[in-house]
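Residue-level listing of the chains:
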Amino acid sequence: MTRLLLTVLLGWAVLTQAAAAQNGPLRIEITEGVIEPMPYAVPDFVPDTPAAADLSRELGRVIAADLSGTGLFREVPASAYISKIDNFDAPIQFADWKAVNAQALITGAVSVSGSRLTVRFRVWDVFSGAELGSGLQFSGTSEGWRRMAHKVADAVYSRITGEGGYFDSRVVFVSESGPKNDRKKRLAIMDYDGANVQYLTDSASIVLAPRFSPTGDRVLYTSFETGFPRIYVLDVGQVKRRVLETREGTMSFAPRFSPNGRTVVFSLEQGGNTDIYEMDIASGQQTRLTNAPSIETAPSYSPDGSQIVFESDRSGTQQLYIMPARGGEARRISFGQGRYGTPVWSPRGDMIAFTKQNQGRFHIGVMRTDGSEERLLTASFLDEGPTWAPNGRVIMFTRESKGAAGQATLYTVDITGRNLRPVRTPGGASDPSWSPLQN
Amino acid sequence: MQTGTKISAVVHVTLLGWAFLGGVFRSDPKPFEVQDVTVISAEEYAALSAQQAPPAIAAEVSMPEATPAPDTEVAAPEPVPETPPTRPIPPKPAPEPEPVPAPLPPPVAPVQQPAPNETASVVAEAPRPPARRVERVAPEAIAPPPPEAEPDPVLREEVIAEAAPSVETPREQQQATAPEEAVTEITPETTREPEPQALAPSASPRPATRPQRRPEGPVETAAAEAPKPDTPKPETPKPAVSKPETPKPATPAESAATRSGVASALAEAMGGAGETRAPARGAPAGPPLSAGEKESLRVAVSACWNVGSLSSAALSTTVTVAVSLTPDGKPEIGTIRMVDSSGGDERSAKQAFDAARRAIIRCGSKGYTLPADKYDQWRDIEMTFNPERMRIK
């Protein structure tokens, strides 16, 4: 009996061993990696013409600032370089760039002819010795050299990460100056990185909540010019504006364009009740989308234009809801502790950014469109007003510091919660709205 | 009762009593010889029957290895400060440039990377001293050797024709056929230079293992023996069998016949090892890697698998990457390929594959630490990169 048992056990062991034996190549599964910035090198672009010598250096610096500013990349300092790029068409000495641990290499050449600027570049995967994508060339005016640099950085970012870039974009915001009790506010527009600031309005009246159109050529904002909040639409190129007429005795605010740019959704207060309306910009025809005794405001369309997320206190506390774009039954999506507001739908359509107030702290957070996977990305005395980068990976918002001398500052943060960094602006800045990528 | 009857009764009783009590009808099993045996797996049996690890053929030509510079942390540059605007209010926005993207012509061919490891040929071309002429003793030439020793002229020509254009550094043409094994003159034995020790098989021939299927097609061909033109492998006495699923490009006739002959000679000397190791790419011989050895490799690759720059879509994509390693554990870059992907579209899979490829190359640049005696087990590896746990960290 014992012998029989031993035989059975031995046979089982042999079968198990045979089953576990390797068949074909060795197979392993990697489930843990590292999350760290990718080292890259961007040597000065090669000036093809003498007039391009200065720009060739400046272009590289802006590209490096763009890439490193994402937190996803880390520039290898030029002092560590072994090779120089003196000829754009010369073969790359990959061993030299491997030696300085650069995983990506950006080479380029610049030429200036009159006012015409031409930039050529290539992106290389150093360790595989292959080019990422194909070489690309941009042409434009010399005055637009920063845009050239942003476009190159966008292409590099896209080729390495697989996502669209966001560097060649602009931000419209409220520029603030003066003490808190006498703060001057006016609309301003700038590059995403704070460069090229230009003012769109004067500071004679308070302006609020500027919002870019889907094409980036118009801006909606709220002005107290008449003493009551009214919505204006501003042509960014011509700096011309017109008011969106609403009924007498009403207050309209929190406007936002629909994805097709032909309609505007906004809040309208009438008789102490605030509801959400939709207006056709061309005809001025308005449609009421909500009808509740509570306050409904801060509407934002989904990218496909089929739904609207908004905030409401219909449950007794400020929460987020989603309803069909033509109005109808709304479903609540936020159920956490605290109050939720200013929801903004991601350009990708998969997430919603919001402001949350809980236990005396303000947060910028994101959640899925069904309310799941809520993540708080920031926490401070006052964080509010998120806006999405065109690629849906970065959020810009306003952070206001405490005290009488406190000032509003724009910040960006990755949707993972990493890489929180301020945006340099002249003076205070609040209420940002990120444009789509420029053409 | 008669006396005879009594005697008969006594005898019968005695016989019957002896039969029953003496064990004549006992049914105990007959004793049998017992011999202790040890049960081993098929892999262990194959490992035992396989030849030992091939001897080191020749020392590698050391290439200057670039020493990575210390990983200097660079402070992320702040956004470029801008001077406050000086335009009147409200100013008109500056006209935007209109960049016109235009594709550039194909890039110039990158500089060919130096061969990672130049290894000496498997045969040391030791010059033989000239034969001393002696008088002719045989009236006629001896009959040629058996047919299997003859090179196949058709195949050899084919290899030469295909390989010639793809090789960048053509090597010296060598004699394509082995010298005749019979001569019409007696060549006295001359003092040959001792061949490198490494060339001699270190293992004595073993009896042939279980018969295995020979792969289809010609076995002893120059194409199967020829190394890759761009990534020369160290010459190890590999079986002279081409890989069916990934046919390697043909190479010039450079030492093709010589290598073929040497390989067959080695295979023959190893007692049919070539037969048993022929399907090694499909079913590796030798003991499998232990769990610890696999974990060591996994950890080594993980250390370089950087998913920080991947898109969220790529972070949802699992890719399986195949790679072949050299005997010193370095990945052969040309063999890295994506064999499978799931969870994302083609673009996401491409990004995920790029990150996986970078990980394999970076951390394998100095060779993964793997047991040399189990090279057959880890020569071909399929790594599955599953970023599920890395999505939100």
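Structure shown above.
Along each chain, residue indices are assigned from 1 in the same order as the chain's sequence is written. Working convention: letters from A go to chains and numbers from 1 go to ligands, in the order in which they are written. In keeping with the predicted nature of the model, local features appear solely for residues at pLDDT of at least 70, side-chain atom pairs appear and are counted solely at 80 or more, and the whole-chain, interface and lining totals rest on all residues. Working from all heavy atoms in the structure, the side-chain values ignore hydrogens and water.

1. So, the overall build of chain A
Quick reminder of the rule: Each helix is a run of DSSP H or I of at least 4 residues and each strand a run of E of at least 2, with the numbering of both proceeding from the N terminus. Each residue is placed in one exposure class: buried if its accessible area under a 1.4 Å probe, protein chains only, is under 20% of its type's maximum, exposed if it is over 50%, and partly exposed if it falls in between. Contacts between residues were defined by any pair of non-hydrogen atoms, one from each residue, lying within 4.5 Å. Only the protein chains shown count as covering a residue, and every accessible area follows the Shrake-Rupley method with a 1.4 Å probe.
The number of helices and strands found in chain A is four helices and 32 strands. In chain A, buried positions account for 58% of the 439 residues. Partitioning the intrachain contacts of chain A with sequence separation of at least 6 by distance along the chain shows that 44% fall at a separation of at least 24. Carbon and sulfur atoms make up 51% of the accessible area of chain A, which amounts to about 17400 Å² in all.

2. Brief notes about the overall build of chain B
From N to C terminus, chain B includes nine helices and four strands. For chain B, the N- to C-terminal ordering of α and β elements is α-α-β-α-α-α-α-α-β-β-α-α-β. In chain B, buried positions account for 34% of the 393 residues. Nonlocal contacts in chain B, meaning residues at least 24 apart in sequence, comprise 81% of its contacts between residues at least 6 apart. Within the structure as shown, chain B displays about 24400 Å² of accessible surface, and the carbon and sulfur contribution to it stands at 58%.

3. Digging into the state of the cysteines
Residue and element names in this part refer to chain B. So the rule is basically this: The disulfide criterion used throughout: a pair of cysteine sulfur atoms within 2.5 Å.
Counted by the stated rule, this structure contains one disulfide over all chains. The disulfide partner of Cys 304 is Cys 363, and the gap between their sulfur atoms is 1.8 Å. Because the sign of the S-S torsion sets the handedness, a value of about 75° for the bond joining Cys 304 and Cys 363 places this disulfide among the right-handed ones. Here Cys 363 lies in helix H8 (residues 346-363) and Cys 304 lies in the loop between helix H7 (291-302) and strand E2 (318-324), a separation of 59 residues in the sequence. When its relative accessible area of 9% is taken as the criterion, Cys 304 is described as buried.

4. Points about the sheet that holds strand E3 (residues 337-342) of chain B
The test is simple: In short, DSSP must find at least two bridges between two strands for them to pair. Lines fitted to C-alpha atoms define the axes here, with helix axes fitted over just the stretch in contact, and angles between the N-to-C directions of these axes take values from 0 to 180 degrees.
Strands sit in the order E1(A)-E4(B)-E2(B)-E3(B) across an open sheet of four strands; the sheet is mixed. Single-partner strands in this sheet number two, and they are strand E1 (26-30) of chain A together with E3 of chain B. In this sheet, neighbouring strand axes are inclined to one another by 20° on average, regardless of whether the strands run parallel or antiparallel. Sheet topology places E2(B) next to strand E4 (residues 380-385) of chain B; six bridges connect them, and they run antiparallel. Within E4(B), the position partnered with B:Thr320 by the bridge is B:Thr384. This element, H7(B), spans E1 of chain A together with E4 of chain B of the sheet and lies at about 50° to E1(A). Contacting E2, E3 and E4 of chain B, H8(B) crosses the sheet at an angle of about 40° to E2(B).

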